[in-house]
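# Coordinates in review
Below, each chain spelled out in residue letters.
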Amino acid sequence: MMLKISDLKVNYGGIEAVKGISFTVPEKSIVTLIGANGAGKSTTLRTIAGLVKPQSGKIEFLGEDITGKGVEDIVSRNITMVPEGRKIFPDLTVLENLKIGAYLRKDDITDDLNYVFDLFPRLKERTWQHGGTLSGGEQQMLAVGRALMSRPKLMMMDEPSLGLAPLVVRNIFEIIQEINKQGVTILLIEQNANMALKVADIGYVLETGRITLSGTGQELLANEGVKAAYLGT
Amino acid sequence: MNEKNININGEITPPDKKNIFFKSVVGFLRKNWIGFTLLAALFAIIFILEQVLSSSSMLFVVLKKGAIYALVAVSMNLLNGFTGLFSLGQAGFMLIGAYTYAIFTIPAEARTAVYQYFDGGIINFTVPVPIALIMAGLAAALFAYLVGLPVLRLKSDYLAIATLGFAEIIRAFFQWDKLGPVTNGSNLLRRFPVFSSTLYPFIVSGICIAIIVLLINSSYGRAFKAIRDDEVAAEAMGINLARHKQLSFTVSSFFAGVGGALLAMYQTTVQAAAFKSAMTYEILLIVVIGGIGSVTGSCLSSFLFIASSEWWLRFLDSETYIGSFKLPLLASGFRKVVFSIIIMVVVLFYSRGIMGTNEISVDALLRFFRKLFRKDSKGEAA
């Protein structure tokens, strides 16, 4: 098991946003957490990334306890996060953005840069452009590329489809699957449940801080409750 | 960079380090020879001007003070422009630098005269000037480090208010009577070694600014810019926010301290009362006019600012008669009115400053001139 969360409780902004959830992420899989606004998805992700300290519970990564560890420690364990709303650095060039992604690495990054440019040829054309001048889709590509620069074993993505055109969303999800095929485990949270469940091996439904349903992506897609609440069909 | 020497057997041998170092130095010089030539030319011009013009010429006042303010402005830009920390403590750190320099360089025989109310003070040794300059920086940096521990948790305006407050506290503290044996209380410190050549502040400021530029272009500089752009994302990339902010704050204060020491040398006397918050605002203005996030912009606007305030606009302050007609408005203080209006116009119409976040580089200059000449030759052809 790559990531194991047991009975995680997190207080965030004065309320108990996550009320004791447990789930696992197997190696080389795509796992998705779906749920409405305020269900606690982002908080869960931010807690794993070390940006928020949990109240109680345990987070294990590759058998080691990483609960409450600092971001630096967690990033250097090859866990990386693509934050919500992309959060690229607008006044840094595309190349600088990518280099920041490899900030904690001391070794040579040329191969990784080439890998990212192969994945996103669009970024290669724009190395000297400022991040803020890219389109929404390109910014998302940059955010994913930046995360890949840290050579992640686990890549967590917070709503990669947010504010993007449907065609661009499909493109991004294809790339997510491609990255996964190359051996990166992916933990994805999404409001676009349809898209997320289609690519996911395992899905969890989060409601007001608790996991209410779990199953393979296909099972959840077929589930009546999920259909009614998240798929709108 | 990642050069690997492969020998006949196909084995990779470690590259000869000395050789690579030598090559990179030669390469660096070859790539930047135009820049170095221009720099040498600049120093030569200043040297020649010093021989030709009288040393009391306003030009030298502007050049000396401009070079010192350029250093302080660049150090403030490192903090405000590149790390996104809005700090207003610069005058305070300059004061620490100026005092540290003065206290440790006043010659022993002059101490009785300088510290006349405090029995010659309690410090009875002097250190060489270069060491005193570095000590000035270190003292400011040390204080910045301590202040930074609590203050850097604050953001934007709150940080500005807190740093401004600390700067004011420093100013009051240095004038405290009980500290008289060290700081001479609210009396002047004087008779410490000063510079006479304009080249001196140029060389010291130049070296310091070069170090700041190297820092900005390093991976630390990239991390600073990332923090400026988006703290949350920077943190998610594994950048330690507290440590990098602290580093930027300390380094910036170090160079503000050196700048303060240079200012002391330029003024030949030091008094804490002169390091008011107005001084910080002047430097902030230079940074804003030059472009927040542009080193060359800060340097350029520093000379423009000093030249305007000390030289070009001086005529506005004196009553002027044409024949028997007295020109209206020209009276003491009018200069400041005009100056303020100019600043307002600059801020309104060039809200990103002269340079924005761009830099003047040799390459950019060459490109500019090439374009200019190409346009000319086209014009002639048509």
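Below is a short write-up of the structure. (Residues numbered from 1 in each chain as written. Chains lettered and ligands numbered in written order. Predicted model: local features only at pLDDT ≥ 70, side-chain atom pairs only at ≥ 80, totals over all residues. Heavy atoms only, no water.)

### A word on the side chain of T163(B)
Residues and elements named next belong to chain B. Worth spelling out the cut-off: Elements are defined by DSSP. Helices are runs of H or I of four residues or more, strands are runs of E of two residues or more, and each kind is numbered from the N terminus. Each residue's exposure class comes from its accessible area (1.4 Å probe, protein chains only) as a fraction of the maximum for that residue type: buried when under 20%, exposed when over 50%, partly exposed otherwise. Whenever two N or O atoms come within 3.5 Å, that pair is a polar contact, provided that in protein one can donate a hydrogen and the other can accept it, and provided that, for residues adjacent in sequence, both atoms are side-chain atoms. Here, two residues are considered to be in contact whenever any of their heavy atoms come within 4.5 Å of each other.
Of note, T163 is situated in helix α7 (residues 156-174). You can call T163 buried: its relative accessible area is 3%. A polar contact is formed between the side chain of T163 and the backbone nitrogen of L88, at a distance of 2.9 Å. When neighbours within four sequence positions are excluded, T163 is seen to be in contact with S87, L88, G89, V151 and F249.

### Notes on helix α10 (residues 219-229) of chain B
Two residues of an α-helix separated by three or four positions point the same way, owing to the 3.6 residues in each turn. Residues and elements named next belong to chain B. Judged by how many residues are buried, α10 sits mostly within the fold: 8 of 11 residues are covered. Taken residue by residue, α10 has G221, R222, A223, F224, K225, A226, I227 and D229 as its buried positions. In this structure S218 caps α10, since a side-chain oxygen of it lies 3.2 Å from the backbone nitrogen of Y220.

### Overview of the interface of chain B and chain A
Put simply, the rule is: Buried area is calculated as the accessible area (1.4 Å probe) missing from two parts once they are joined, with the contributions of both summed. Salt-bridge detection follows one rule: a side-chain nitrogen of Lys or Arg within 4 Å of a carboxyl oxygen of Asp or Glu.
Of the residues lining the interface, 21 residues belong to chain B; the matching set on chain A comes to 19 residues. For the pair chain B and chain A, the summed buried area comes to about 1900 Å², and 62% of that belongs to carbon and sulfur atoms. A per-residue breakdown of the area chain B buries against chain A is headed by R222(B), D229(B) and M237(B), which together make up 35% of the total. The tally of links between chain B and chain A comes to 2 salt bridges. Where chain B packs against chain A, one counts 5 residue pairs in polar contact (both at pLDDT 80 or more). Among the secondary structure elements, those contributing two or more residues to the side of chain B that touches chain A are α10, α11 (231-236) and α12 (241-267) of chain B. At 8 residues, α10(B) tops the list of elements feeding residues into the side of chain B that touches chain A.

### Describing the sheet that holds strand β5 (residues 64-65) of chain A
Residue and element names in this part refer to chain A. The condition that has to hold: Strands are treated as partners if at least two bridges between them are detected by DSSP. Structural elements are reduced to axes, namely lines fitted to C-alpha atoms, with helices fitted over the stretch in contact, and the angle between N-to-C directions of any two is expressed from 0 to 180 degrees.
Across the sheet, 4 strands lie side by side as β2-β1-β4-β5; this open sheet has antiparallel pairing. The sheet is open, and its two borders are formed by β2 (15-25) and β5, each paired with just one other strand. Where strand β1 (residues 3-12) meets β2, 8 bridges bridge the pair, whose relative direction is antiparallel. Note on β2: the bridge partner recorded for L3 is V25. Each of β1, β2 and β4 (56-61) touches helix α1 (residues 41-49); the most contacted strand, β1, lies at about 110 degrees to it.

### Overview of the packing of helix α4 (residues 90-105) of chain B against helix α13 (residues 277-290) of chain B
All names here are of chain B. Operational definition: Put simply, angles under 35 degrees are roughly parallel, angles over 145 are roughly antiparallel, angles from 65 to 115 are roughly perpendicular, and the rest are oblique. Working rule for handedness: look at the near helix, and if it is turned counterclockwise from the far one by less than a right angle, call the crossing left-handed; if clockwise, right-handed. Residue polarity follows a fixed list, in which Ala, Val, Leu, Ile, Met, Phe, Trp, Tyr, Cys and Pro are nonpolar, Asp, Glu, Lys and Arg are charged, and the others, Gly among them, are polar.
Put simply, α4 and α13 touch, their axes get as near as 7 Å, and they point 115 degrees apart. Relative to α13, α4 is oriented roughly perpendicular. In this structure, α4 crosses over α13, and the sense of that crossing is right-handed. Residues Q90, A91 and M94 of α4 form the contact with α13, whose own contacting residues are M279, T280 and I283. In terms of residue class, the contact of α4 with α13 is built from 4 nonpolar, 2 polar and no charged.

### Side note on the nonpolar core
Operational definition: Throughout, nonpolar core names a set of buried Ala, Val, Leu, Ile, Met, Phe, Trp, Tyr and Cys residues whose side chains join them through atoms within 4.5 Å.
Counting 88 residues, the largest nonpolar core has Y101(B), L189(B) and V270(B) as the members making the most contacts within it. Broken down by element, this core gets its largest block of residues, 12 residues, from helix α3 (residues 58-82) of chain B. Once you skip the residues sitting within four places of it in the chain, Y101(B) turns out to touch V129(B), A132(B), L133(B), A136(B), F192(B), P193(B), A261(B) and M265(B). One finds A102(A), M155(A), V184(A) and M195(A) within the second-largest nonpolar core, a separate group that totals 47 residues.

### As for the pattern of salt bridges
Working definition: two side chains of opposite charge can pair if their charged atoms are close together. All chains considered together, the criterion is met by 16 salt bridges over all chains. The shortest N-O distance in the salt bridge between R122(A) and E138(A) comes to 2.8 Å. A residue pair is termed long-range when its members are at least 10 positions apart, and R122(A) in helix α5 (residues 121-125) and E138(A) in helix α6 (residues 136-148) qualify at 16 residues. We classify R122(A) as partly exposed; its relative accessible area is 38%. Taking the relative accessible area as the measure of exposure, E138(A) reaches 6% and is therefore buried. Put simply, E231(B) and K245(B) hold a salt bridge, and the shortest N to O gap is 3.0 Å. In this pair, E231(B) sits in helix α11 while K245(B) sits in helix α12, placing the two residues 14 residues apart along the sequence. Salt bridges here are not isolated pairs; linked through shared partners, they connect R105(A), D107(A), D112(A) and R151(A).

Keep in mind these numbers describe shape, not what the thing actually does.
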